[in-house]
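Structure at a glance
Single-letter residue listing:
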Amino acid sequence: MQPSENDPTYSQIAFKASHNSYERDESTAEQLTFNSQKPYNGGCLGLEFDIWRKTSPYENGVKIDENFFRVFHSSPHVWPPLGETLKHYLDRLRDWHNGNSQHEVILISLDIKSSEDGYDDFHKEIDTYLKVYFDESWILKPKDIFALNNSTISAGDTLCGEVVKNGWPTMSHMKGKFIFCLSGNKGWKTEYTMHDLLTERFCFSDSDKPDDDKSVAPPESGNFVFFNFHIFHDHRGVWMNTVPPFTNKNLIVRTYDVDSEDNWRSCLQANVSAISTNKISHHSWAKVSDTHVYKLKNGKPDKRFIKNLGNNEYRTDRATHMSDTFKNPECVFIFEHQENNVYAFRNAKNNEYLQCNITNMSPTNNGNCQRWELIPTGGADEFYIKNKENGKYLTKRASKLHDGTPGSNEKHLIRSIT
């Protein structure tokens, strides 16, 4: 089951997801269906439903009342609340699947809002509900990851350890499947992973991570392989650096409330897997591809330094400041290829771009102002760096661009950082 560009693994793709899918103007089918004429409308490979529990007698794996779980946002003061049963939305998924049986794998996040009455036998309750009101054969379970990887489950094995070591199945092996992932209530979703997860359970669980903590790092073991980040633009200098290591270990990152073009682009650059948004339709930027429902993630970042040869100083994360010594990550830039010899330079520390307005940096790469042409000077790894917007060159003065024929002060040494 070797991955390829035409058949990547699940951890190698980025896709659009719907936040609070039950509150959308679009139907479940409209959210899931890719629109080839308007690829920013629909095209979600992830949905989210907030669930509340009201216990009643049930028979494990056999029988359970459809009102046992209902979908609603805030705490219901009466039961049943105004929301629909979870079965109602499972039926919508069933209807769509029956007309699109070879669809790409769909992630269904079940956000646990309940906290009353304790955990009880929640693992049996939610699995019984899915078995009774959905089709078990359509569900990709944790144990299926091992089976599709041709791995044997042994004592001491963990789901995370398997995924880190052997990765995910390829997309072709997950056609027509649904992944149910428990989110929300930390105690309940954690407890769920402790009850025969690798042999019996129907669902995965996610782990919440802060978007402003530089120490966040992916695990090597345990039973969490989905990680949930509530992102804010003000913290992008942190989470754009903490998210990629999860992808490098084959783990799945979901970000939510991604409701601006800036954050959407940043999530794609950071190799987020599931980009969950409230902008399901009519926002031209809310897409991962013009032609397909998912896109391949970026490869390993192309990291280089830019050193001016007129003064032997390095470009830094501060637009108006250069450094006479190399500092990492301040002097490291991620070169994002645009066309031919044209790149956007994103600083590795603050994730902002060098731009034509040289006295400040840009949080986004959205035009020629953030794009630079590399022109060889004849020396090894030496270039003039010309802005595509105004035709001016980077020079030895940090806060100034050179207008006219470039000379010795405009020569830069550019080399990769290993």
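Our subject is the structure listed above.
The structure displayed is predicted, hence computed values, not measured ones.

**Re the pattern of salt bridges**
Working definition: two side chains of opposite charge can pair if their charged atoms are close together. Within the structure shown, the criterion is met by 17 salt bridges. Ionic pairing is found between Glu330 and Lys349, a salt bridge with its closest N-O pair at 3.5 Å. With Glu330 in the loop between strand 13 (322-323) and strand 14 (333-339) and Lys349 in the loop between strand 15 (342-347) and strand 16 (372-376), the pair connects residues that are 19 residues apart, well separated along the chain. Judged by its relative accessible area of 22%, Glu330 falls in the partly exposed class. Look at Lys349 and you get partly exposed, because its relative accessible area is 36%. One salt bridge in this structure joins Glu336 and Arg346, with 2.6 Å as the shortest N-O distance. With Glu336 in strand 14 and Arg346 in strand 15, the pair connects residues that are ten residues apart, well separated along the chain. Note on Glu336: relative accessible area 14%, which makes it buried. You can call Arg346 buried: its relative accessible area is 6%.

**Section: the packing of helix 2 (residues 86-99) against helix 3 (residues 122-133)**
For the pair helix 2 and helix 3, the least separation of the axes is 10 Å and the interaxial angle reads 45°. Considering the angle they form, helix 2 stands oblique to helix 3. The chirality of how helix 2 crosses helix 3 is right-handed. Residues Leu86, Lys87, Leu90, Asp91 and Arg94 of helix 2 touch helix 3, and the partners they reach there are Ile126, Tyr129, Leu130 and Tyr133.

**Focus on the layout of surface pockets**
There is about 850 Å³ of room inside the largest pocket. Lining the largest pocket are 32 residues, with Gln269, Asn271, Asn298, Pro301 and Arg346 positioned closest to its centre. Among the secondary structure elements, those contributing two or more residues to the lining of the largest pocket are helix 7 (236-242), helix 8 (244-248), helix 9 (261-269) and strand 14. Looking at the lining of the largest pocket, the element that brings in the most residues is strand 14, giving five residues. For the lining of the largest pocket, the residue count by class is nine nonpolar, 14 polar and nine charged. Tallied by class, the residues present in the lining of the second largest pocket amount to five nonpolar, five polar and four charged.

**Quick word on the nonpolar core**
Residues Tyr10, Trp168, Ile179, Phe180 and Phe226 are the most contacted members of the largest nonpolar core, which totals 86 residues. Grouped together as the second largest cluster of nonpolar side chains are 16 residues, Tyr343, Met361, Trp372 and Leu401 included.

**As for the state of the cysteines**
In total, this model carries one disulfide according to the counting rule given. With a sulfur-sulfur separation of 2.0 Å, Cys356 is cross-linked through a disulfide to Cys369. Handedness of the Cys356-Cys369 disulfide follows from its S-S torsion of about -100°: it is left-handed. Placement of the pair is Cys356 in the loop between strand 15 and strand 16 and Cys369 in the loop between strand 15 and strand 16, with a sequence separation of 13 residues. For Cys181, which is in no disulfide, the shortest distance to another cysteine sulfur is to Cys203 and amounts to 8.2 Å.

**Focus on unusual backbone geometry**
Note that the residue after Asn328, namely Pro329, is joined by a cis bond; omega there is 15°. Considering the arrangement of structural elements, one finds Pro329 in the loop between strand 13 and strand 14. Phi angles above zero are rare outside glycine, and Asn150 is one such case at about 55°. Following the sequence through the fold, Asn150 ends up in the loop between helix 4 (142-148) and helix 5 (159-166). Under the relative-accessibility criterion, Asn150 is labelled exposed at 70%.

**Looking at the pairing of strand 15**
Counted residue by residue, strand 15 has six buried out of six residues, so it is predominantly covered. Burial of strand 15 is two-sided: the residues Val342, Ala344 and Arg346 facing one way and the residues Tyr343, Phe345 and Asn347 facing the other way are all buried. Pairing of strand 14 with strand 15 involves six bridges; the strand directions are antiparallel. Its bridge partner lying in strand 15, Phe333 is registered against Asn347. In sequence, strand 14 turns back onto strand 15 through a hairpin of two residues, with Asn340 there showing a positive phi of about 40°. Pairing geometry for strand 15 and strand 16, over two bridges, is antiparallel. Bridge pairing in strand 16 places Val342 opposite Glu373.

**Re empty space enclosed by the protein**
Enumeration over the complete set of coordinates arrives at three cavities of 30 Å³ or more. Here the largest cavity is characterised by a volume of approximately 50 Å³. Lining the largest cavity are Lys16, Phe34, Pro39, Gly42, Gly43, Lys287, Val288, Ser289, His292 and Val293. Tallied by class, the residues present in the lining of the largest cavity amount to four nonpolar, four polar and two charged.

**Some thoughts on the pairing of strand 20 (residues 412-416)**
Sheet analysis places strand 11 (residues 303-308) next to strand 20, joined by five bridges and oriented antiparallel. The partner of Phe305 across the bridge, within strand 20, is Arg415.

**Overview of helix 2**
An ideal rise of 1.5 Å per residue puts 20 Å on 14 residues; helix 2 measures up with 21 Å between its terminal C-alpha atoms. Within helix 2, the full set of buried residues consists of Leu86, Tyr89, Leu90, Asp91, Leu93, Trp96 and His97. Of the surrounding secondary structure, the elements contacted by the buried residues of helix 2 are helix 1 (28-32), strand 2 (44-53), strand 3 (69-71), strand 4 (106-112), helix 3 and strand 5 (178-184).

The rules behind each value
Residues numbered from 1 in each chain as written. Predicted model: local features only at pLDDT ≥ 70, side-chain atom pairs only at ≥ 80, totals over all residues. Heavy atoms only, no water. Salt bridge = Lys/Arg side-chain N within 4 Å of Asp/Glu carboxyl O. Helix = DSSP H or I, 4+ residues; strand = E, 2+ residues; numbered from the N terminus. Buried < 20%, exposed > 50% of the residue type's maximum accessible area, 1.4 Å probe, protein only. Axes fitted to C-alpha atoms, helices over the stretch in contact; angles between N-to-C directions. Parallel < 35°, antiparallel > 145°, perpendicular 65-115°, else oblique. Left-handed = near helix turned anticlockwise from the far one by under 90°. Contact = heavy atoms within 4.5 Å. 1 Å grid on protein atoms, 1.4 Å probe; cavity = no way out; pocket = protein on both sides within 12 Å on 5 of 7 lines; lining within 4 Å. Points joined across faces, edges and corners; volume = space filled by probe spheres on them. Nonpolar A, V, L, I, M, F, W, Y, C, P; charged D, E, K, R; others polar. Core = buried A, V, L, I, M, F, W, Y, C linked by side-chain atoms within 4.5 Å. Disulfide = S-S within 2.5 Å. Pairing = 2+ DSSP bridges. Expected span 1.5 Å × (residues − 1).

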